[in-house]
Amino acid sequence: MPTWFVKVVQQLDRLVYVASALLLWVLFYLWSVLSSSDYSYSSEAFSALLVPVFSLAQYQVYQLPSGLMAHVADGQLGYVFSSREWHWLSAMLHISQYLLYVVLAVSVWAFQYAPLRRFGVSMALMAGVLLYSKVFLLTQGSVAIAPWWTLFLIVVPCLSVYFDVRKRLPSQAGQRSALIAYASQTGSAKRLAEQLHKAAQPLVDLRCVSQLSAQQLQSYQRVFFVVSTHGNGAAPDAAHKLVHELQTTQAASCETKFSVLALGDRTYQTFCAFGYQLSDLLDQKGFKRLLPLQEVDRMDLRAVETWWQQIAQLLGLANQKVALQYDEFVVQQNECLNPQQALRLAYRIRLCLPGVRYQPGDVLAVMPQVNRDSVRQRLERYGFSGSEAVQLAGQRMLLLDALTQLEWEYEQADTPQALVDQLTPLHERLYSIASCEPDYVELLVRQHWRADGTLGIASGYLTQLQPGQRIEASLREHTSFHLVGDVPLIMIGAGTGLAPFMGFLQQKQNWGSETENWLLFGEQYFEHDAYFHDALQRFQDEGVLTRFHTAWSRTDGLYVQSLLTMHEVALREWVEHKGAHIYLCGSRQGFGEAVNDTLREIIPEQYLSERLHTDLY
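Just so it is clear, the structure is predicted and the values come from calculations on it, not from any experiment.

### Points about the overall build of the protein
At step 1: Helix and strand counts for the protein come out as 20 helices and 26 strands.
At step 2: Here the C-alpha atoms of the protein give a radius of gyration of 34 Å, more than 25% beyond the 25 Å that 2.2 N^0.38 yields for 617 residues.
At step 3: Structurally, the protein occupies a C-alpha span of about 115 × 65 × 60 Å along its principal axes.
At step 4: Looking at the protein as a whole, 54% of its 617 residues qualify as buried.
At step 5: Here the analysis covers contacts within the protein between residues at least 6 apart in sequence; of these, 74% occur between residues at least 24 apart.
At step 6: Within the protein, one finds 47 positive and 57 negative side-chain charges whose respective centroids are separated by 7 Å.

### What to know about a nonpolar patch on the surface
At step 1: The grouping of Val108, Phe111, Val121 and Leu125 at the surface amounts to a nonpolar patch, some 320 Å² of accessible area in total.
At step 2: By the secondary structure assignment, Leu125 is in helix α4 (residues 114-132).

### Some words on the pattern of salt bridges
At step 1: Summed over the entire model, instances satisfying the criterion amount to 26 salt bridges.
At step 2: Two residues, Arg348 and Glu335, come together in a salt bridge whose shortest N-O distance is 3.5 Å. Of the two residues, Arg348 sits in strand β13 (residues 346-352) while Glu335 sits in strand β12 (residues 327-336), which places them 13 residues apart along the sequence.
At step 3: What makes Glu335 partly exposed here is its relative accessible area of 33%.
At step 4: Here Glu442 and Arg350 are joined by a salt bridge, their closest N and O atoms 2.7 Å apart. Separated by 92 residues along the polypeptide, Glu442 in strand β20 (residues 440-446) and Arg350 in strand β13 bring together distant segments of the chain.

### Notes on the side chain of Glu409
At step 1: Structurally, the position occupied by Glu409 is in the loop between β17 (406-407) and α13 (416-421).
At step 2: Within polar-contact distance, the side chain of Glu409 engages the side chain of Arg450 at 3.2 Å.
At step 3: Residue contacts for Glu409: discarding those within four places in its chain leaves Arg378, Arg429, Arg450 and Ile457.

### Re the side chain of Arg611
At step 1: With respect to the element layout, Arg611 can be found in helix α20 (residues 605-611).
At step 2: Despite its burial, Arg611 remains without a salt bridge, the nearest opposite charge being carried by Glu610 at 4.8 Å.
At step 3: Beyond its immediate sequence surroundings of up to four residues, Arg611 is in contact with Val575, Glu576, Gly579, Ala580, His581 and Ile582.

### Structural notes on the sheet that holds strand β1 (residues 51-56)
At step 1: Spatial ordering of the open sheet is given by β4-β3-β2-β1-β5, a layout of 5 strands whose pairing is mixed. Lying at the two open borders of the sheet, with one neighbouring strand each, are β4 (76-81) and β5 (143-145). Within this sheet the neighbouring strands show an average axis-to-axis angle of 30°, counted without direction.
At step 2: Of the strand pairs in this sheet, strand β2 (residues 59-63) and strand β3 (residues 69-73) are connected by 3 bridges, and their pairing is antiparallel. Looking at β3, one finds that Gln63 is bridged to Met69.

Basis of the calculations
Residues numbered from 1 in each chain as written. Predicted model: local features only at pLDDT ≥ 70, side-chain atom pairs only at ≥ 80, totals over all residues. Heavy atoms only, no water. Helix = DSSP H or I, 4+ residues; strand = E, 2+ residues; numbered from the N terminus. Rg over C-alpha atoms; globule rule 2.2 N^0.38 Å. Buried < 20%, exposed > 50% of the residue type's maximum accessible area, 1.4 Å probe, protein only. Contact = heavy atoms within 4.5 Å. Lys, Arg positive; Asp, Glu negative; His and termini not counted. Charge placed at Lys NZ, Arg CZ, Asp CG, Glu CD. Patch = residues over 30% accessible without salt bridge, like charges linked within 9 Å, V, L, I, M, F, W, Y side chains within 5 Å. Areas by Shrake-Rupley, 256 points an atom, 1.4 Å probe, with all protein chains shown as cover. Salt bridge = Lys/Arg side-chain N within 4 Å of Asp/Glu carboxyl O. Polar contact = N/O pair within 3.5 Å; in protein donor to acceptor, adjacent residues only side chain to side chain. Pairing = 2+ DSSP bridges. Axes fitted to C-alpha atoms, helices over the stretch in contact; angles between N-to-C directions.

Structure follows, in structure tokens:
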């Protein structure tokens, strides 16, 4: 079933409304002018030459010898329609009639597609009833129109179409037969769900799981979940409400069928853990499994497409290739902030895209490009030239060309084909945004070095960009890491985890905020790693950043968790009495785990569950 045809069918109800509106306008216009006729003079002189055209209730309209149409009653001439007036009325009737014929033709064509058949039958019947209305015979002569019956024949189909549309192809949740529900932490699952919904929009609803209840799920025949796993196997924040409700709901048989597309990263032990948890929970509560759970490793679109093609077949949609859409950002500036740190270089990258808008806390998804020279040098170390022939996705190509499309990190193999077979497709990377201004996005990116002494794919790509170059990237909403309002902030970050807090402080400055903001930041050396030092100093001078504490692990032996312990009394006061929210950003391993443990020793759990926002990677 072609997508364009589905979109055409979706407009049929609107065509019926337009056709009905034209008919009603003609009917009411005729009634108004005929009922207010002033009888001017007798028509007896040419009464034998009058040709009956139509009657509307007690009003008779004839064609005069001059060709004009006029109301005649008891031998007296009433309202006379001008030639232009009558042509306009005739044109409206013809337009209405043609629209209904189009509805009828498209509806009949829709009979061949099962998902649209019921709707097509309804539209065809309603168009047929309207075409049966005698209003269309006004210009053909000698027709009697009963106004109330004609009004009935126009209004009833409109109401029937309205309620049938609400039932078969509606826009309200729980009314279409199928639903795509997403649970996203950093926006990737949401973006993918939106892309899939775009391909099947007339047939399915799209909702975040935070907007759904167990009862609403049961109002659908099929529910397709697109969910990510957050942290150490946890559900995204948006899913907590629905998961809790399902856990406390009694198991009962229902007719709703489901399938889960689980997004994750195979390098984590808890790969796709929430997807499995949700799938098992739905199964336990009586929902019927439609398809097995599909794992997706780091947005591998091949896995997505395998799952989606099965869904498309169930919906009666034509096969469609799944592809994420990216925008083109232009590099404005690329500056190394710590040139003395040869193996830990951090770069401030400024990108431009006119019209781009976002909120502080959002992330930028970047699709990197593989450096061919770097790949060729790595191949030489393993005894390959890059000109060996291999198969990738059913296509024959050179090994070097294949590796520019794949994630080659540390894998080794005895043969070129064996190397290609164990690699996954190139995937996007997410970076916290370090700015808050329209049209521009700033990133803080550290170079990553592999064990073999080569640069990582994405960090190497981004940090070697030159001003004027273009990159493919798109914004991702990180709603759980947005500011909840103009409240006091406790911002805790290490390394490049400082990035989102620069956006937070800029936002507070733009608001003219007078609330207190506290930054606790850690890195290795004060002499080399004081990123955004001048900007942070300005925020302090202007009263936006009211408290600022640093921990330099190599300079003074302090770590961020040490700062938290030193200031635990002030931290508790800020949270419990000032209503501060805590934002934590940085590496999960080591930093994130240690800080989380320390916070739980200092801050009561009841506050952390409501006011702790994390962005750990």
